[in-house]
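The lines below spell out each chain.
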Amino acid sequence: KFQAVDELYRQSIKRSEEQLGPTHPSTLTLLSRLAVMLQEQGKSAEAEFLQRQALRGREKVLGPSHPETLVSSSHLGYLCCLR
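Thresholds, definitions, all that
Each chain carries its own residue numbering, running from 1 in the written order of its sequence. Residue-level local features of this predicted model are given only where pLDDT is at least 70; pairs of side-chain atoms are given and counted only at 80 or more, and the full residue set underlies all totals for whole chains, interfaces and linings. Side-chain descriptors were evaluated using all non-hydrogen atoms of the structure, hydrogens and water having been removed beforehand. Helical segments are the DSSP runs of H or I of at least four residues, strand segments are the runs of E of at least two, and each set is numbered from the N terminus. Buried, partly exposed and exposed residues are distinguished by accessible area as a fraction of the type maximum, computed with a 1.4 Å probe on protein chains only: under 20%, between the cut-offs, and over 50%, respectively. Any two residues whose heavy atoms approach within 4.5 Å at even a single point are treated as in contact. Between Lys or Arg on one side and Asp or Glu on the other, a salt bridge is scored when a side-chain nitrogen of the former is within 4 Å of a carboxyl oxygen of the latter. For helices, the fitted line uses only the C-alpha atoms of the stretch in contact; every axis is such a line through C-alpha atoms, and the angle between N-to-C directions lies from 0 to 180 degrees. Any angle between 65 and 115 degrees counts as roughly perpendicular, while under 35 counts as roughly parallel, over 145 as roughly antiparallel, and the rest as oblique. Crossings are classed by handedness, with left-handed meaning an anticlockwise turn of the near helix from the far one by less than a right angle and right-handed meaning a clockwise turn. All amino acids are sorted into three groups, where Ala, Val, Leu, Ile, Met, Phe, Trp, Tyr, Cys and Pro are nonpolar, Asp, Glu, Lys and Arg are charged, and the leftover types, Gly among them, are polar.

Enquirer: Run through the side chain of S72, naming residues and quoting values.
Expert: Structurally, S72 can be placed in helix 4 (residues 67–81). Judged by relative accessible area, S72 falls into the buried class, the value being 0%. Sequence-distant contacts of S72, defined by excluding residues within four places in its chain, comprise S32, Q51, A54, L55 and R58.

Have a look at this one:
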């Protein structure tokens, strides 16, 4: 089940990057959601990498106090607590 969802997320991210760009809010949302799913699978290292990427992009595009930026920050904080 996770494998199929993982593939769909990665395909969606690739298409979003091609069509909208790597820092478009929709692309960053997909990255963040994939990171959450990976964290649920116990793939913490990859989840943290993607969540950091989403956070950096959201800070740059949306600003540090935007609600979506805060969501990425919260997810990253949770991942760091799991180490």
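Enquirer: Could you give an account of the pattern of salt bridges, naming the residues involved and the relevant values?
Expert: Scanning the model with the defined rule gives 5 salt bridges in all. For R10, the salt bridge identified is with D6, shortest N-O distance 2.6 Å. Of this pair, R10 and D6 both sit in helix 1 (residues 2–19), 4 residues apart, which is roughly one turn of the helix. With a relative accessible area of 8%, D6 lands in the buried category. Residue E46 is joined to R10 by a salt bridge in which the shortest nitrogen-to-oxygen separation is 2.6 Å. Residue E46 is found in helix 3 (residues 44–62), and its partner R10 is found in helix 1; the two are separated by 36 residues along the sequence. Beyond isolated ion pairs, a larger network of salt bridges with shared partners links D6, R10 and E46.

Enquirer: Quick one: what's the story with the packing of helix 3 against helix 4, residue by residue and with numbers?
Expert: Packing of helix 3 against helix 4 leaves a shortest axis separation of 9 Å and a crossing angle of 155°. The angle between helix 3 and helix 4 places the two elements in the roughly antiparallel class. The two elements helix 3 and helix 4 meet at a crossing, and its hand is left-handed. In this structure, helix 3 contributes A47, E48, Q51, R52, A54, L55, R58, E59 and L62 to the contact, and helix 4 contributes E68, T69, V71, S72, S73, H75, L76, L79 and C80. Taken together, the residues of the contact of helix 3 with helix 4 sort by class into 8 nonpolar, 5 polar and 5 charged.

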